[in-house]
Amino acid sequence: MKKEEKTCLHCGTSMVGRADKRFCSDQCRATANTLRKKGDESEVLMRHINQILRRNRNILRQASPQGKTTLRRAVLEISGFDFRYFTHLYRTKQGNTYYLCYDYGYLLLDDDKVLIVNQQPYMGQQNP
């Protein structure tokens, strides 16, 4: 009885090893997974959203190096901030809603102003 020869799913090289082995090396496995993800529309969408969230966080971090800053909304918009994307919300007992982008957040104020804050430990707790 002759064993069936296995070939790498990415490069086609013949391989020996475990019966369930699919790739000849970590490099072929990683390359194949990268190519698969590039063709997957949902992966492309997630990567795009993560880029926006990362940019939003960096803009907030740069705008508020001291941890708490008030500025005009237009300043963030000119910097490329996209107000449609944030990671989570924090609602205060007074009814204010902070929009957080990872560990930086903002509160929309009157007169088109924005209060930028660093996330505080109590913001991780959900209000009822």
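Preceding this section is the structure that the text describes.
Attention in this report is confined to the structure presented alongside it. (Residues numbered from 1 in each chain as written. Predicted model: local features only at pLDDT ≥ 70, side-chain atom pairs only at ≥ 80, totals over all residues. Heavy atoms only, no water.)

### Some remarks on the sheet that holds strand E5 (residues 97–101)
One open sheet accounts for five strands, arranged E3-E7-E6-E5-E4; its pairing is antiparallel. Taken across any chain shown, the strands that pair with only one partner, and hence form the sheet edges, are strand E3 (68–72) and strand E4 (88–91). Taking the axes of each pair of neighbouring strands and ignoring which way they run, one obtains an average angle of 30 degrees across the sheet. Of the pairings in the sheet, the one linking strand E6 (residues 104–108) to strand E7 (residues 113–118) comprises five bridges and is antiparallel in character. Residue Leu-107 lies in a different strand from E7, and its bridge partner there is Leu-115. Packing of helix H2 (residues 41–63) onto the sheet brings it into contact with E3, E5, E6 and E7, and relative to E6 it is tilted by some 80 degrees. (Pairing = 2+ DSSP bridges. Helix = DSSP H or I, 4+ residues; strand = E, 2+ residues; numbered from the N terminus. Axes fitted to C-alpha atoms, helices over the stretch in contact; angles between N-to-C directions. Contact = heavy atoms within 4.5 Å.)

### Considerations on the pairing of E4
With four bridges joining them, E4 and E5 adopt antiparallel strand pairing. In the strand pairing of E5, Leu-89 is matched with Tyr-99. The antiparallel hairpin formed by E4 and E5 contains five residues in its connecting segment, where Gly-95 sits at a positive phi of about 95 degrees.

### Some details on the environment of His-88
By the element assignment, His-88 lies in strand E4. By relative accessible area, which is 27% here, His-88 ends up partly exposed. C-alpha of His-88 to C-alpha of Cys-101: the two residues are 13 residues apart in sequence and 6.8 Å apart in space. At a separation of 2.8 Å, a polar atom in the side chain of His-88 contacts the side chain of Thr-87. (Buried < 20%, exposed > 50% of the residue type's maximum accessible area, 1.4 Å probe, protein only. Polar contact = N/O pair within 3.5 Å; in protein donor to acceptor, adjacent residues only side chain to side chain.)

### So, H2
Look at H2: 33 Å from first C-alpha to last across 23 residues, which is about the 33 Å you get at 1.5 Å a residue. Inspection of H2 places Ile-52, Leu-53, Asn-56, Ile-59 and Leu-60 among the buried residues, and these make up the whole buried set. (Expected span 1.5 Å × (residues − 1).)

### So, unusual backbone geometry
The backbone of Tyr-102 sits at a positive phi, close to 60 degrees, despite the residue not being glycine. The topology assignment puts Tyr-102 in the loop between E5 and E6.

### Overview of a positive patch on the surface
A grouping of Arg-22, Arg-36, Lys-37, Lys-38 and Arg-47 is seen on the molecular surface, where their side chains present a positively charged patch. Ranked by residue count, the leading element in the positive patch is helix H1 (residues 26–39), at three residues. In this structure, Arg-36 sits in helix H1. Residue class for Arg-36 comes out partly exposed when judged on its relative accessible area of 49%. (Patch = residues over 30% accessible without salt bridge, like charges linked within 9 Å, V, L, I, M, F, W, Y side chains within 5 Å. Areas by Shrake-Rupley, 256 points an atom, 1.4 Å probe, with all protein chains shown as cover. Salt bridge = Lys/Arg side-chain N within 4 Å of Asp/Glu carboxyl O. Lys, Arg positive; Asp, Glu negative; His and termini not counted. Charge placed at Lys NZ, Arg CZ, Asp CG, Glu CD.)

### Thoughts on the packing of aromatic side chains
For the structure on display, the rule yields six aromatic pairs. Arranged with centres 6.3 Å apart and planes meeting at 45 degrees, the rings of Tyr-90 and Tyr-98 form a pair that is tilted. Both residues of the pair, Tyr-90 and Tyr-98, count as buried. Pairwise contacts between aromatic rings join Phe-81, Phe-83, Phe-86, Tyr-99 and Tyr-106 into one cluster. It is Arg-73 that lies over the ring of Phe-83; its NZ or CZ is 3.9 Å from the centre. (Phe/Tyr/Trp six-rings, centres within 6.5 Å; stacked < 30°, edge-to-face > 60°. Lys NZ or Arg CZ within 6 Å of the ring centre and 35° of its normal.)

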